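Structural overview
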Amino acid sequence: MFQVTTLIGDAEKVEKELIKNPPPSEADIEAAKALVKEKGEAVAQLKSAKAGKAEITASVAELNKAKENLSRLEERSKLKPGIPQKDGKIHYSQDIFARQAFLTVSGQLQVETYACAVCSVYTFGPTF
């Protein structure tokens, strides 16, 4: 039997992505958190000062962009090269099959090799 997984292709994609765009540093994430905090305080100040709706809306839009940027940075910082593992074993829950999967070699496939050596070859059993 042959083991089948989609994790190897995904791992290669992640490794290439990390080479092209390295993950953010802790300093980058802390700077993004500080920016979100600053934008949040600015929105709170505008609301307490009873500023105009347009100003508050613009400030909230800036806050949302800062939050989205922070979430992207945090997501990228979690990317790890290689096949995902949990407790030292391959973590199959992220695989397309969600568990360890195998392919079997059918009798029909084996007969193809025998057909090269012998003229008349017959198989019995279900074939798909």
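See the structure printed just above.
Rules used in this analysis
Residues numbered from 1 in each chain as written. Predicted model: local features only at pLDDT ≥ 70, side-chain atom pairs only at ≥ 80, totals over all residues. Heavy atoms only, no water. Helix = DSSP H or I, 4+ residues; strand = E, 2+ residues; numbered from the N terminus. Contact = heavy atoms within 4.5 Å. Areas by Shrake-Rupley, 256 points an atom, 1.4 Å probe, with all protein chains shown as cover. Expected span 1.5 Å × (residues − 1). Core = buried A, V, L, I, M, F, W, Y, C linked by side-chain atoms within 4.5 Å. Buried < 20%, exposed > 50% of the residue type's maximum accessible area, 1.4 Å probe, protein only. Axes fitted to C-alpha atoms, helices over the stretch in contact; angles between N-to-C directions. Parallel < 35°, antiparallel > 145°, perpendicular 65-115°, else oblique. Left-handed = near helix turned anticlockwise from the far one by under 90°. Nonpolar A, V, L, I, M, F, W, Y, C, P; charged D, E, K, R; others polar.

**Details of the overall build of the chain**
Helices and strands together make up the secondary structure of the chain, namely four helices and four strands. Ordered by position from N to C terminus, the α and β elements of the chain give β-α-α-α-β-β-β-α. Expressed as a percentage of contacts within the chain between residues at least 6 apart in sequence, the contacts between residues at least 24 apart total 70%. Total accessible area computed for the chain in this model is approximately 10300 Å², and 57% of it derives from carbon and sulfur atoms.

**A look at helix α3 (residues 53-77)**
The end-to-end C-alpha separation of α3 is 36 Å, in line with the 36 Å expected for 25 residues at 1.5 Å each. Contacts made by the buried residues of α3 are with α2 (26-48).

**Re the nonpolar core**
The biggest cluster of nonpolar side chains holds eight residues, and these are Ile29, Ala32, Val36, Val43, Leu63, Ala66, Leu70 and Leu73. When residues of this core are traced back to their parent elements, those giving at least two are α2 and α3.

**Examining unusual backbone geometry**
Even without glycine at this site, Lys50 takes up a positive phi of about 55°. Note that Lys50 resides in the loop between α2 and α3.

**Re α2**
Compared with the 33 Å implied by 1.5 Å per residue over 23 residues, the 33 Å span of α2 between its first and last C-alpha is a close match. Of all the residues in α2, the buried ones are Ile29, Ala32, Val36 and Val43. Of the surrounding secondary structure, the elements contacted by the buried residues of α2 are α3.

**Some points on the packing of α2 against α3**
The geometry of α2 relative to α3 is characterised by a closest axis approach of 9 Å and an angle of 160° between their N-to-C directions. The angle between the axes of α2 and α3 places the two elements in the roughly antiparallel class. As for the relative orientation of α2 and α3, their crossing is left-handed in sense. Between α2, through Asp28, Ile29, Ala32, Lys33, Leu35, Val36, Lys39, Gly40, Ala42, Val43, Leu46 and Lys47, and α3, the contact on the second element is made entirely by Glu55, Ile56, Ser59, Val60, Glu62, Leu63, Ala66, Lys67, Leu70, Leu73, Glu74 and Ser77. Of the residues contributing to the contact of α2 with α3, the split by class is 13 nonpolar, three polar and eight charged.

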